[in-house]
Every structure is written in C-alpha cells, then in structure tokens.
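Tertiary structure, described
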Amino acid sequence: MKNSSSHDGKKGRHYAMQIAMVAGLVTMLVCGIVTIGLMLFSNLFAEPLIAPGVSSGYDHTNIYENITPGQTRNPDSQVGEETTEAIPPEGMLTVEYTGGTVYTGGQAIAGNFNVKLKMDDGYEKVINDYECAQLAPDYRMTEGDNVFEFRYGELSAKIVLNAVDIRVFAYPPSYVLRKIDLTSVQEKINQIDSGALSYEQAFSNISFTGDSQIKALAVDRILSMNRIVAENGESYDYLAKHFDEVVAKALGTDALIVHYGINTLSTSADERQKRINQYRELLLRLKEALPGTRIIVSGVFPVHYSIFGKQDRFVYIIEYDYALLEMCMEIGVEYLSDNAYMMEHQELFSHDGLHLRPEFYSQYWLKNIILTMGL
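For the structure given in this document, a descriptive report is provided here. Owing to the predicted nature of the structure, the values given are computational and were not obtained by experimental measurement.

**Things to note about the sheet that holds strand β6 (residues 155-164)**
One open sheet accounts for 3 strands, arranged β2-β6-β5; its pairing is mixed. Each edge of the sheet is formed by a strand with only one pairing partner; in this case those strands are β2 (102-103) and β5 (144-152). With 2 bridges joining them, β2 and β6 adopt parallel strand pairing. In the strand pairing of β6, Tyr-103 is matched with Val-164.

This is how it looks when you write it as structure tokens:
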C-alpha cells in the first residue's frame, strides 16, 4: 500500500507550479498593457491634438507663413515662431504679364503682373510686397525690349516687355494706368442697357470739365450740371480761370475727365506747343490738388468729313492728339482716345459737323469711358 502523505505532497507541488505559471502569465500581460498605455500616453503629449479640419501647422498652406524672404521654417518649430537660422529657400520667384500693349514713353501697370513664390515641395503663394524699380512712378519705357526685374528677399525673376511707339497706329491709342476688371465694367454696362442703372447713378463719383462738347452732357440731359464745369467756346484759359471750382467738384471723386483743345487748335506749330505746355502745367496742378482722383484727358474729337477741309487747323487734330498723348505719358496722366470710332461713325455728328448728337454720349462715349478706363 502506497504512502498517502507522499502522494499528497507531489500533488501539492503540481498545483503550486500551475499557480506560479498563471501568475507569471498575468504579470506579463499586465506589464504589456502598462507598456502600451505608457506609449500611448507619451504620444498623446508628443503630438498636438488636432480637431477635424484644423491644420497642424505643417501643411503647405501654413509652413511658410511669416517667413522672412530668404529663410525657411525650422520643421520643429510651430507656426508663428521666429526662425533663428536663415536658410536659402529651395524654390523660385515667377512672374507673368497679363496686360496689353505697352508704349514707348509710357508706364506698365503693377496690377498686370502676376508674381508668385513657388517652393520645391509644391507650396505656391502670390507675392505683392515685391520690389521692382521699373514700376516706379518716374520710370518710362524705351522703344523695344524693356527688362522688368522683380525681387523678393534673395529671390528674383525677370520678364521682358516690348514697348511699341504710339506713332505706328493710325490714331492715338488710349493710355490707362489701372488694371481693368472686365467682368465688373461689363456688368455695369449691362445694368445701364437694361435700365437698372442710369448714367446719373453710374457717374455719380466722376466729374467733368471742358468746352461745349462736355457741356452737352447737361444740355442733352444725360448728366446733371452739378459735376460739370464747362462752357461753350472755351479752352485751357477757362480751366486756369475756374481751376478752384474744378478742384472743388472733383475732390473725393474717382476720376476727373478733362476735355479741351479744339477751340485753340492752331495751324502754327509754335502755338500748338505753347498750348500743350499750358495744358501740362494745369494737369500737374490738378494731380497735386487731387492726389486721390484719376486725371483722364479726353483727346480732341475729330470733325465730320464735310467740314474737314473748311478750316486748315482741322488738319492738325490727329497730330495734336498724338502730342497730347505723349504729354500725358510723360507726366503720368491717363488718356482716352475716340478718334478711330468717331471717324468710322460719321452719323454721330450733328448738322454743323463739329458737335455731336445726344446718342454719341448715351450710346457710345460714356460707355467707352466705363469700359476703357474701368470706371
């Protein structure tokens, strides 16, 4: 017969080993859970909590915010923190010209240049605080190629614009110093055509000064006289005499349209130059007195074919307008040309061949001011 105490001892040791094994497994499991928990807890504070749709500060739209040109952000820094180390950016500056023809002696329009910072990682940003000496107010283009250099920090880009002599055109072209929003101005014309907008409303912030061809706006009841300083048979002497009144009505407006010249047009080259010099001085005074207002010179209108040969001075209208345009480009004033359209639409002249029918103003001229000048 076997010893029962020996048997019980072996059985006890077997149970003890099983209990130790289970305890070891439980300990290992608990340690594993604790280790995973610590890892998750550490990562929780290593990375910022980001709400859905909110940038972490490392995406392309934010990574270059507030960077001084010529530097790139330290990838370990947060948005808004200053970079301590200047590192040349791995990218380039690009420039695209989106405007029209530029003229010898004229200026280019800053709004017609699209300047961008492009980084190698795909980030792209429109740059407006660039430097470009060729866009300075006193810079004038020479005939042929003109190199425009844009600088942004240590980066630079160049583009070449070919300036054309205005004398290559049959008639003087308009000269505009403002980027035109074609969609906006066309919508304005559509509202006028539909009757939703009157000319009085459309030109509520624009003033005029000139001779009988400007006074006709009020005579024909297209615009009221409260924004017009004009008189029949007058020219630059009238503008000089009524200068303060013109400034008072134009102050705070978007633009002042100035139309003089036909009444003092002469066959004498010296007299024509004298009058242009007088005009230049008056326009410079207007620029100084009205710094926030666009000064737009309307060229001398042509005359009807039926009276063209009746006065020798009419032969010089186109030449005189070229000289006016060159003067405007020289002093930085805009110029509105209507010669080509009027020569092709002789039906717009009244019976005297000099003055214009009401439909000239209502169907063409005022709309041309809006479309060409972006007013």
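**Digging into the packing of aromatic side chains**
How two aromatic rings sit relative to each other is given by the distance of their centres and the angle of their planes. Under the criterion given, the structure shown has 18 aromatic pairs. Where Phe-208 meets Trp-365, the ring centres are 6.2 Å apart and the plane angle is 45°; that geometry is what we call tilted. Here Phe-208, found in strand β7 (residues 206-210), pairs with Trp-365, found in helix α11 (residues 358-373); they are 157 residues apart in sequence, far enough to count as distant. The same class applies to Phe-208 and to Trp-365, which are both buried.

**Quick look at the nonpolar core**
Formed by 41 residues in total, the largest nonpolar core has its most connected members in Leu-256, Val-258, Tyr-279, Leu-283, Leu-286, Ile-295 and Leu-324. Sorting the residues of this core by element identifies α5 (236-241), α6 (243-250), β9 (255-259), α7 (269-289), β10 (294-298) and α9 (317-331) as the ones contributing at least two each. Per-element tally for this core: the top contributor is α9, with 10 residues. Residues Leu-217, Leu-223, Tyr-364 and Met-373 belong to the second largest nonpolar core, which totals 36 residues.

**Things to note about the sheet that holds strand β1 (residues 91-97)**
Strand order in the open sheet formed by 3 strands is β1-β3-β4, and the pairing between neighbours is antiparallel. The outermost strands of the open sheet, each flanked by one partner alone, are β1 and β4 (124-126). Averaged over all adjacent pairs, the angle separating strand axes in this sheet is 25°, with direction ignored. As judged from the 3 bridges shared by strand β3 (residues 113-119) and β4, these two strands associate in the antiparallel manner. Within β4, the residue paired with Lys-116 across the bridge is Val-126.

**Quick word on the pairing of β10**
When you tally the buried positions in β10, you get 5 out of 5 residues, the bulk of the element. The side-chain alternation of β10 yields two buried faces, one formed by Arg-294, Ile-296 and Ser-298 and the other by Ile-295 and Val-297. The pairing of β9 with β10 spans 4 bridges and is classified as parallel. From the neighbouring strand, Leu-256 faces β10, where its bridge partner is Ile-295. Since β9 and β10 lie parallel, the crossover through α7 that links them has a hand, and here it is right-handed. Two strands pair when backbone bridges link them, and β10 and strand β11 (residues 334-336) are joined in this way by 3 bridges, in the parallel orientation. Its bridge partner being in β11, Ser-298 is matched across the sheet by Leu-336.

**Observations regarding α11**
For α11, which comprises 16 residues, the first-to-last C-alpha distance of 21 Å matches the rise-based estimate of 22 Å (1.5 Å per residue) to within 8%. The sharpest bend along α11 reaches about 30° and sits at Tyr-364. Among the residues making up α11, those that are buried are Phe-360, Tyr-361, Tyr-364, Trp-365, Leu-366, Lys-367, Asn-368, Ile-369, Ile-370 and Met-373. Where α11 terminates, the next one or two residues include Gly-374, which has phi positive at roughly 70°.

Conventions adopted
Residues numbered from 1 in each chain as written. Predicted model: local features only at pLDDT ≥ 70, side-chain atom pairs only at ≥ 80, totals over all residues. Heavy atoms only, no water. Pairing = 2+ DSSP bridges. Helix = DSSP H or I, 4+ residues; strand = E, 2+ residues; numbered from the N terminus. Phe/Tyr/Trp six-rings, centres within 6.5 Å; stacked < 30°, edge-to-face > 60°. Buried < 20%, exposed > 50% of the residue type's maximum accessible area, 1.4 Å probe, protein only. Core = buried A, V, L, I, M, F, W, Y, C linked by side-chain atoms within 4.5 Å. Axes fitted to C-alpha atoms, helices over the stretch in contact; angles between N-to-C directions. Right-handed = clockwise from strand over helix to strand, strands pointing away. Expected span 1.5 Å × (residues − 1). Bend = angle between axes of the 7 residues up to and from the residue.

Read these as layout, nothing more, since geometry by itself doesn't imply function.
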